[in-house]
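A structural walkthrough
Each chain, written out:
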Amino acid sequence: MSDELEPGQGAPHPLARLRRHTDARIALGRFGAGLPTAAHLDFAEAHAAARDAVHAEFDVAGVEAALAASGHPTLRVASQAPDRTTYLRRPDLGRLMAPEPAALLRQAPGPHDLVLIVADGLSAFAANSYGATVAAGILDRLPDDWAVAPVVIASHARVALSDPIGEALGARIALMLVGERPGLSVADSLGAYLTFGPRPGRSDADRNCVSNIRDRGFTPAAAVEKLVDLLWRSHALGLSGVGLKDDSDDRLTDAAKPANLLPG
């Protein structure tokens with residue numbers, strides 16, 4: 001990649017070399033009082049991609065088929081938002097479960113150690129692209145003695161919809177994989193929200209979040225490792241949110257610890 005930001009515009013910007021390492025809009029350069037043409041067109045394209053992601057349809061059948069191919073049963077639910085337009089205008093309805101799916105879930109009350117939910121959220125692109133892959137990767141790594149509910153595929157869902165889903169299934173832990181709000185550099189980012197003891201009334205402080213799950217961000221394989229570790233610790237400690245520190249990157253194996261840190 002050249003360090004020049006725009007042909008014939010003089011010396012390179014001092015941050016230009018950083019552009020190859022990030023999707024963030026840095027070192028765009030100037031053309032008179034405005035942006036160079038290339039940067040302006042790139043912004044317009046990113047804005048269109050973000051709008052497309054917000055309005056895209058959730059491929060529920062495709063996610064179901066991918067999970068079925070991996071040997072994981074599913075259940076469908078929906079929020080009280082009847083369509084995408086209402087969902088975007090009424091965030092509160094996306095946190096409440098529709099009556100019919102609620103009755104369906106109550107037929108399989110558990111108890112379960114975990115319910116994993118794949119939801120469209122604000123980027124169906126992300127859920128369609130990565131939801132089944134990350135869900136299957138996590139489920140294949142769980143202990144054999146865990147009681148795991150069928151994967152719940154939730155349409156028109158906000159993060160808090162995981163609470164009534166988890167409560168209805170008698171789940172110790174709810175983990176929702178949900179499309180994140182698109183930005184102007186990323187339209188296909190998946191987020192993961194873990195809640196111990198899910199029930200209506202839980203707040204963001206009760207959840208752990210792993211975000212930016214995508215091929216050019218926090219890769220799906222790395223996210224699976226991180227989330228399995230969090231699930232193990234949440235299950236063992238009975239905690240999530242501010243009470244559960246994510247220190248998996250800081251912990252060392254005994255073989256790698258300096259001698260003065262080894263027990264005994």
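Refer to the structure above for everything that follows.
Now for a description of the structure that goes with this document. Bear in mind that the values here come from a model prediction, so they are computed numbers and not experimental data. (Residues numbered from 1 in each chain as written. Predicted model: local features only at pLDDT ≥ 70, side-chain atom pairs only at ≥ 80, totals over all residues. Heavy atoms only, no water.)

So, helix 7 (residues 220–237)
Put simply, the test is: Secondary structure is summarised from DSSP: a helix means a run of H or I of at least four residues, a strand means a run of E of at least two, and numbering begins at the N terminus for each. Between the first and last residue of a helix there are one fewer steps than residues, each counted as 1.5 Å, and that sum is the expected span. Residue exposure (1.4 Å probe, protein chains only): buried if accessible area is under 20% of the type maximum, exposed if over 50%, otherwise partly exposed. Residues count as neighbours in contact if any of their non-hydrogen atoms are within 4.5 Å of one another.
End to end, helix 7 covers 25 Å across 18 residues, agreeing with the expected 26 Å (1.5 Å per residue, within 8%). Turning to helix 7, its buried residues are Pro 220, Ala 223, Val 224, Lys 226, Leu 227, Val 228, Asp 229, Leu 230, Leu 231, Arg 233, Ser 234 and His 235. Against strand 2 (112–119), helix 5 (124–139), strand 4 (171–179), strand 5 (190–196) and strand 6 (207–213) lie the buried residues of helix 7. Of the residues trailing helix 7, Gly 238 is marked for its positive phi of about 70°.

Digging into helix 5
Let me state the cut-off plainly: Fitting axes to the seven residues that end at a residue and to the seven that start at it, the angle between those axes gives the bend at that residue.
Spanning 16 residues, helix 5 covers 21 Å between terminal C-alpha atoms, matching the ideal 22 Å at 1.5 Å per step. Where helix 5 bends most, at Tyr 130, the angle is about 50°. Buried within helix 5 we find Ala 124, Ala 126, Ala 127, Tyr 130, Gly 131, Ala 132, Val 134, Ala 135, Ala 136, Ile 138 and Leu 139.

Re the sheet that holds strand 2
What counts here: At least two bridges found by DSSP between two strands are what make those strands a pair. For every element, the axis is a line fit to its C-alpha atoms; helices are fit only across the contacting stretch, and the angle between N-to-C directions ranges from 0 to 180 degrees.
With mixed pairing, six strands are arranged side by side in an open sheet as 1-3-2-4-5-6. The sheet is open, and its two edges are formed by strand 1 (74–78) and strand 6, each paired on a single side. Strand-to-strand twist across the sheet, computed as the mean angle between neighbouring axes with direction ignored, equals 20°. Sheet analysis places strand 4 next to strand 5, joined by seven bridges and oriented antiparallel. Among the inter-strand pairings, Ala 174 is bridged to a residue of strand 5, identified as Thr 195. Packing against the sheet, helix 2 (residues 60–69) makes contact with strand 1, strand 2 and strand 3 (151–155), and its axis sits at approximately 170° to strand 3. Against the sheet, helix 5 engages strand 2, strand 3, strand 4, strand 5 and strand 6, with an angle of about 160° to strand 2.

Focus on the side chain of Arg 158
Note the cut-off: None of His or the chain ends enter the tally, which takes Lys and Arg as positive and Asp and Glu as negative. We define a salt bridge as a contact between a side-chain nitrogen of Lys or Arg and a carboxyl oxygen of Asp or Glu at a distance within 4 Å. Polar contacts, as used here, are pairs of N or O atoms within 3.5 Å; protein pairs need one atom able to donate a hydrogen and one able to accept it. Residues neighboring in sequence count only if both atoms are side-chain atoms.
Inspection of the secondary structure assignment puts Arg 158 in the loop between strand 3 and helix 6 (162–168). The buried charged residue Arg 158 lacks any salt bridge partner; its closest oppositely charged side chain belongs to Asp 92, at an N-O distance of 8.0 Å. A polar contact is formed between the side chain of Arg 158 and the backbone oxygen of Tyr 87, at a distance of 3.1 Å. Excluding its chain neighbours within four sequence positions, the residues that come into contact with Arg 158 are Tyr 87, Leu 88, Pro 91, Gly 94, Arg 95, Leu 122 and Met 176.

Regarding the environment of Phe 58
Turning to its location among the elements, Phe 58 is positioned in the loop between helix 1 (37–55) and helix 2. You can call Phe 58 buried: its relative accessible area is 13%. The spacing of Phe 58 and Ala 154 is 96 residues in sequence and 9.4 Å in space, taken between C-alpha atoms. Residues contacting Phe 58, with those up to four places away along its chain left out, are Val 63, Val 118, Ala 119, Asp 120, Ala 124, Ala 127, Asn 128, Ile 153, Ala 154 and Ser 155.

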